[in-house]
Amino acid sequence: MKTTARYLSKKKILLKTILTSKVKSTIDRYKKCRFWLTKGLLRVANNWRDTAPSARGRTSTAGIEGMFLGLDENRDFLVKRLNAGQDLYPNCDTSIWLRNCTRDIPTPVQGVIKGKIPEWLSGSLLRNGPGSTHVGSYEFKHIFDSSALLHRFAFKNGTVSYQCRFLESNTYKKNKAAQRIVITEFGTRACPDPCNTIFHRFSNVFKWGDNQSDNAMISIYPIGDEYFAFTEYPIMIKIDPTTLETLTTIDIGCLTGIVHHTAHPHVAADGAVFNLATVPKIDGPHYCVVKFPRVDSETGYRYSTDEMFGRMCIVATIKCRWPLHPGYMHSFGMTEHYFVVVEQPLSISLSTAVVNRFKGDPLSSALKWFQDCPTLIHLISRTDGKTVKTFKSDAFFYLHIINQYEEDDHIVIDICCYRDPSMIDCMFVEALQNLNKNPDYAAMFRSRPLRFMLPINCDNPTSGDVENDHLYVSPEKLCDLGCETPRINEFNIGKKYRFFYAISSDVDAENPGTLIKVDTYNKTCKTWCEQNVYPSEPIFVSLPDAEDEDDGVVLSSIIWGGSECENQAGVIVLDAKSWTEIGRAVFVTQSPVPKCLHGWYAAAV
């Protein structure tokens with residue numbers, strides 16, 4: 001027995017040595033790949049820098065950087081204020097993101113109405129976003145990691161009710177059962193598991209579905225007759241829009257090999273749903289447009305939601321420009337004839353992602369920003385799925401495309417742009433807590449809505465910078481306010497439009513809690529704000545007999561800053577045309593209500 005035990009012990013040590021050696025060699029190979037890829041990207045960056053508009057005699061104010069000149073407060077002045085013990089951004093209360101809901105409200109509660117709620121408004125404003133930054137005594141490091149909390153504001157006959165429930169994803173249930181963070185999130189490492197050996201970690205590197213978060217806390221969209229919570233992993237969680245109950249999880253990654261999709265699909269007029277996904281192939285990752293058809297083109301038969309998933313197909317594809325660095329995508333564009341893919345130079349380093357998965361580190365450290373490389377804007381034909389033309393612009397970071405449409409042989413695309421992806425770092429919990437100690441915070445979060453004009457039939461342009469058939473395009477500014485979570489009249493998506501609605505992203509503004517209406521024709525804007533009130537994404541609801549684009553109301557959930565108002569939620573109704581408040585409903589809750597992200601207005605639900 002002793003001899004056998006000694007033999008098995010030696011075999012175990014030998015096996016461990018072999019596996020450890022293989023893991024080390026694998027990591028070394030990934031590091032070498034990353035080194036040579038970086039060298040190649042530097043060559044690309046140098047070529048771009050040499051041919052960029054600023055190197056060809058353009059003024060220094062051209063391009064993206066020129067859109068931000070003069071917007072940031074003098075840093076030396078901010079440092080002096082900091083050294084004097086003053087708050088740098090006294091009007092901005094970031095604690096609204098850090099509140100922790102401790103109790104669901106499954107049964108709707110009635111609100112106190114102020115003003116008047118239109119009686120024709122009949123439906124539910126569904127919202128999604130962070131619900132709690134804590135699991136037991138453990139804390140998430142990034143707002144994007146917080147446990148998803150669903151909200152419902154139900155409108156009927158001039159009254160409004162409110163309820164909220166946590167999205168009971170597998171991640172949420174595992175965390176709750178263990179009372180600790182058991183799955184690594186975007187910016188948070190899971191708590192160490194003593195049972196998770198080096199062998200488990202090595203095998204899990206190649207099991208992309210195992211121990212992957214399904215915390216769908218970003219948005220809500222309809223597919224067929226059902227509603228789903230979305231995240232950027234290829235997972236959708238079906239919810240009941242009336243009770244907010246979590247129903248089933250659809251893992252489309254297992255069905256198609258998708259490893260990532262945007263949190264903002266497009267719902268076409270016929271009910272078909274399109275989304276942009278990243279799919280690994282033999283020759284490298286590709287961006288693929290995935291379609292969930294709603295109507296049979298031959299018979300006119302309307303598919304059920306389950307049938308839509310069953311008929312899911314790829315209708316367009318384009319290869320990522322960097323084989324080991326696919327771009328980070330949060331949204332995409334779609335017009336009558338084209339898909340619009342904006343490939344920013346923020347990428348996901350696949351080698352770092354693999355190493356992080358082995359080590360249990362979060363994905364956030366695998367994001368790589370190449371400031372000296374251009375942003376590419378690809379037009380893909382909706383007819384045959386092939387790339388029609390690619391344009392380039394200065395490097396910029398974006399999350400949300402406002403709208404896009406075709407006009408006079410051009411594609412017009414409006415985007416909420418940042419100079420770089422620093423705003424992602426601004427959403428770390430520690431950064432939010434130390435807002436008033438960071439003189440760079442406002443500049444890091446600075447965005448502006450910019451318009452890009454893309455000439456479709458410009459084969460031999462007489463002006464502009466052309467290299468490798470990529471025409472350089474420089475944007476124009478739509479307004480001089482920071483805008484985020486933009487929404488428009490849904491009937492105008494992919495069509496020429498005039499108005500969009502957004503919330504302020506300027507943390508150093510006199511009132512950071514501002515709702516904005518932008519007139520893209522006149523480049524003017526209207527604002528609504530109230531002291532200590534923080535609105536979320538504004539959603540337009542059209543009048544039943546609307547004639548103008550802005551005939552309707554804008555709904556926005558609101559919360560109040562300060563600890564004395566944290567157990568309170570509300571919803572505001574603005575007249576979209578005059579941009580004045582019609583009414584609001586206010587609710588007292590049993591636990592704090594944090595600020596939410598995105599949502600959907602479900603008519604007659």
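Treat the numbers as computed from the prediction; the structure is a model and nothing was measured. (Residues numbered from 1 in each chain as written. Predicted model: local features only at pLDDT ≥ 70, side-chain atom pairs only at ≥ 80, totals over all residues. Heavy atoms only, no water.)

### Here's the deal with the overall build of the protein chain
Here's step 1: Looking only at helices and strands, the protein chain features 11 helices and 38 strands.
Here's step 2: Classification of the 605 residues of the protein chain by burial places 55% in the buried group.
Here's step 3: Residue pairs in contact within the protein chain that sit at least 24 positions apart in sequence constitute 65% of those at least 6 positions apart.
Here's step 4: Looking at the protein chain as shown, the accessible area adds up to about 26,500 Å², and 52% of this sits on carbon and sulfur atoms. (Helix = DSSP H or I, 4+ residues; strand = E, 2+ residues; numbered from the N terminus. Buried < 20%, exposed > 50% of the residue type's maximum accessible area, 1.4 Å probe, protein only. Contact = heavy atoms within 4.5 Å. Areas by Shrake-Rupley, 256 points an atom, 1.4 Å probe, with all protein chains shown as cover.)

### A look at the environment of W560
Here's step 1: Mapped onto the secondary structure, W560 falls in strand β35 (residues 552–560).
Here's step 2: Taking C-alpha positions, W560 is 8.9 Å from Q531, a pair spaced 29 residues apart along the chain.
Here's step 3: With near-sequence residues (within four places) excluded, W560 lies in contact with I96, R99, N532, V533, C565, Q568, A569, G570, R584 and V586.

### Section: unusual backbone geometry
Here's step 1: In this model, T485 sits at a positive phi of 40°, which is unusual for a non-glycine residue.
Here's step 2: Note that T485 resides in strand β29 (residues 483–487).
Here's step 3: The backbone of K523 shows a phi angle near 55°, a positive value even though the residue is not glycine.
Here's step 4: Its location among the elements puts K523 in the loop between β31 (514–519) and β32 (524–529).
Here's step 5: Taking the relative accessible area as the measure of exposure, K523 reaches 32% and is therefore partly exposed.

### Brief notes about the pattern of salt bridges
Here's step 1: Under the definition given, this model contains 24 salt bridges.
Here's step 2: The partner of R451 in a salt bridge is D414, and the shortest N-O contact between them spans 2.8 Å. Separated by 37 residues along the polypeptide, R451 in strand β25 (residues 447–455) and D414 in strand β24 (residues 410–418) bring together distant segments of the chain. Here R451 and D414 have matching classes, each one buried.
Here's step 3: Note that R446 and D508 form a salt bridge whose closest N and O atoms lie 2.9 Å from each other. Note that R446 is positioned in the loop between α11 (441–444) and β25 and D508 in the loop between β30 (499–504) and β31, a separation of 62 residues in sequence.
Here's step 4: Among the residues examined, R446 registers a relative accessible area of 3% and is labelled buried.
Here's step 5: Residue classification places D508 among the partly exposed residues on the basis of a relative accessible area of 28%. (Salt bridge = Lys/Arg side-chain N within 4 Å of Asp/Glu carboxyl O.)

### Concerning the sheet that holds β31
Here's step 1: Across the sheet, which stays open at both edges, the 4 strands sit in the order β29-β30-β31-β32 with antiparallel pairing between neighbours. Both edges of this open sheet fall to β29 and β32, since each of them pairs with a single strand only. Each adjacent strand pair in this sheet contributes to an overall mean axis angle of 30°, direction not counted.
Here's step 2: Pairing geometry for β29 and β30, over 3 bridges, is antiparallel. For E484, the partnering residue across the bridge sits in β30 and is I503. (Pairing = 2+ DSSP bridges. Axes fitted to C-alpha atoms, helices over the stretch in contact; angles between N-to-C directions.)

### Details of the sheet that holds strand β8 (residues 219–223)
Through backbone hydrogen bonds, the strands of a sheet pair up, either in parallel or in antiparallel fashion.
Here's step 1: One open sheet accounts for 4 strands, arranged β8-β9-β10-β11; its pairing is antiparallel. Two strands lie at the open edges of the sheet, namely β8 and β11 (246–251), each paired on one side alone. Neighbour to neighbour, the strand axes of the sheet diverge by 35° on average, direction disregarded.
Here's step 2: The sheet contact formed by strand β9 (residues 226–230) and strand β10 (residues 235–239) spans 4 bridges and is antiparallel. Each bridged residue has a counterpart across the sheet, and for A229 the counterpart in β10 is I237.

### Re the packing of aromatic side chains
Here's step 1: As enumerated under the stated definition, the model contains 21 aromatic pairs in all.
Here's step 2: Each ring, one from Y162 and one from F587, has its centre 5.5 Å from the other, and the planes form 35°; the classification is tilted. Highlighted residues: Y162 in strand β7 (residues 159–166) and F587 in strand β37 (residues 580–588), separated in sequence by 425 residues. Each member of the pair, Y162 as well as F587, carries the same accessibility label: buried.
Here's step 3: Centre to centre, the rings of F292 and F309 are 5.4 Å apart; their planes meet at 75°, and the pair counts as edge-to-face. Of this pair, F292 sits in strand β15 (residues 284–292) while F309 sits in helix α7 (residues 305–310), and the two are 17 residues apart along the sequence. For the residue pair F292 and F309, the accessibility class agrees, reading buried in each case.
Here's step 4: Through a chain of ring-to-ring contacts, the aromatic side chains of Y89, F397, Y418, Y441 and F445 assemble into a single cluster. (Phe/Tyr/Trp six-rings, centres within 6.5 Å; stacked < 30°, edge-to-face > 60°.)

### A word on the UniProt feature "binding site: Fe cation" (unreviewed entry) in the protein chain
Here's step 1: The UniProt record marks H264, H330, H400 and H598 with the feature "binding site: Fe cation" (unreviewed entry), using the residue numbering of this structure. The largest pairwise C-alpha distance within this set of annotated residues, which runs over 335 residues, is 12.7 Å, so the set is compact in three dimensions.
Here's step 2: Along the chain, H264 turns up in the loop between β12 (260–261) and β13 (266–267).
Here's step 3: Once residues within four sequence positions are removed from consideration, H264 is found in contact with S219, Y221, N275, H330, S331, F332, H400 and H598.
Here's step 4: Engagement of the side chain of H264 in a polar contact is seen with the side chain of Y221, the distance being 2.9 Å.
Here's step 5: Position of H400 among the secondary structure elements: in strand β23 (residues 397–407).
Here's step 6: Not counting residues up to four positions away in its chain, the partners in contact with H400 are H264, H330, S331, I415, C416, E484, T485, P486 and H598.
Here's step 7: In terms of polar contacts, H400 uses its side chain to reach the side chain of H330, at 3.3 Å. (UniProt positions renumbered as here; feature names shortened; annotations may be inferred. Polar contact = N/O pair within 3.5 Å; in protein donor to acceptor, adjacent residues only side chain to side chain.)

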